[in-house]
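Examination of the molecular architecture
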Amino acid sequence: MKIWLDGGLRDADGARVSVFDHGLTVGDGVFETVKAERGRAFALTRHLERLATSARGMGLPEPDLDEVRRGCTAVLDANPMALGRLRITYTGGLSPLGSDRGDNGTTLVIAVSEAPRRPDTTAAVTVPWTRNERGALAGLKTTSYGENVVALARASELGASEALFANTVGQLCEGTGSNVFVVLDGELHTPPLHSGCLAGITRALTVTWAGAKETDLPLDVLERAEEIFLTSTLRDVQAVTRIDGRQLAERPGPVTAEAMRIFDEQAAADTDPR
Ligand code: PLP
């Protein structure tokens, strides 16, 4: 397995990042997960733009996006696989513990692993913890993902694959690693970005391609939605067939099935440069 580190390809075995790396000690790093089918990264430009946005939001130095793109291509070429999960991690780099960030550069790691095919349907639960839509990290894709890890563990205990958060004012926000869409009276809605959700790339494409409305939605909308689905880089569009014990139709409903069809069709035509 080859990874990208310190500006070049390295063997993953033996590649080193300092134990004093900011990303490890205080979690001030940002990341992207990119889907790669047969060596081709999907929507890479959007992912690179979001990496830079997250880095800015965290006060990290501007990442060199040309290097990140070069690194992604090199890693994909060096590790051929049918369906890959490309992970780009960018941190504040080496600094003495507890001090301000020094000028010791940043850390960029790019790696790829085999991604399992996600099923078309899944179960989700809501969790009692809230997303802080006014927090410093709202909407940023940072390595400070502990809250998501805890919520996902709760979902897993309850036999679900995703946990959904409300924000501090009780509005539906997002999942631990996905955005959420609901069908109400036959119309497709998703929470707006001011709910505190991540500006998901699959979400943005689905809003455009499937014509969803961005609407403030109270959490209890999940109790009456006719259909619910999740979007994310590795899920694409995934139907929720059980929410907090409420069984929805066993198969994706008509609006979800159409969103899936449109997404697959448009994604296949993606012409993002490598
Ligand atoms: N929300 C959170 C918190 C995420 O971590 C992710 C995925 O990585 C998403 C939403 C979905 O975003 P995307 O479609 O860009 O993968």
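What counts, and at which threshold
Residues numbered from 1 in each chain as written. Predicted model: local features only at pLDDT ≥ 70, side-chain atom pairs only at ≥ 80, totals over all residues. Heavy atoms only, no water. Salt bridge = Lys/Arg side-chain N within 4 Å of Asp/Glu carboxyl O. Helix = DSSP H or I, 4+ residues; strand = E, 2+ residues; numbered from the N terminus. Buried < 20%, exposed > 50% of the residue type's maximum accessible area, 1.4 Å probe, protein only. Domains from an automatic or database assignment. Contact = heavy atoms within 4.5 Å. Buried area = accessible area lost by both parts, 1.4 Å probe. Polar contact = N/O pair within 3.5 Å; in protein donor to acceptor, adjacent residues only side chain to side chain. Nonpolar A, V, L, I, M, F, W, Y, C, P; charged D, E, K, R; others polar. Near = heavy atom within 4 Å. Areas by Shrake-Rupley, 256 points an atom, 1.4 Å probe, with all protein chains shown as cover.

Here the structure, examined in full by the defined rule, presents 14 salt bridges. For Arg131, the salt bridge goes to Glu174, with nearest N and O atoms at 2.6 Å. Of the two residues, Arg131 is situated in strand β7 (residues 121–131) and Glu174 in strand β9 (residues 172–175); the sequence distance between them amounts to 43 residues. For Glu174, a relative accessible area of 7% corresponds to the buried category. Of the charged contacts in the structure, one is a salt bridge between Glu162 and Arg235, with a shortest N-O distance of 4.0 Å. Remark: Arg235 occurs in the loop between β13 (227–232) and β14 (236–243) and Glu162 occurs in strand β8 (residues 162–167); sequence separation between them is 73 residues.

Further remarks concern the domain arrangement of the protein chain. For the protein chain, the assigned domains read domain 1 (2–114) and domain 2 (121–269). Here the C-alpha centroids of domain 1 and domain 2 sit 26 Å apart. Taken together, the contact pairs 23 residues of domain 1 with 18 residues of domain 2. For the pairing of domain 1 and domain 2, the buried interface totals around 1,600 Å² over both sides, and the portion due to carbon and sulfur atoms is 67%. Its largest share of buried area at the contact with domain 2, domain 1 owes to Phe31, Lys35 and Arg50, together 36% of the area lost on that side. One can count one salt bridge joining domain 1 with domain 2. Among the ionic pairs, Asp236 bridges to Lys35, the shortest N-O distance being 2.8 Å. Across the contact surface, domain 1 and domain 2 share seven residue pairs in polar contact (both at pLDDT 80 or more). Tallying contributions element by element places strand β3 (residues 29–37) first for the side of domain 1 that touches domain 2, with seven residues. Across the side of domain 1 that touches domain 2, the residue classes break down as seven nonpolar, nine polar and seven charged.

This part takes up the site of the ligand. Close to the ligand lie 17 residues, the nearest being Lys141, Tyr145, Glu174, Thr202 and Thr233. Arg50 places a side-chain nitrogen or oxygen 2.7 Å from an oxygen atom of the ligand. The contact in question runs from an oxygen atom of the ligand to an N or O atom on the backbone of Ile201, over 2.7 Å. Relative to its unbound accessible area of 390 Å², the ligand is 95% covered by the protein chains. When residues of the shell around the ligand are traced back to their parent elements, those giving at least two are β9, α5 (201–210) and β13.

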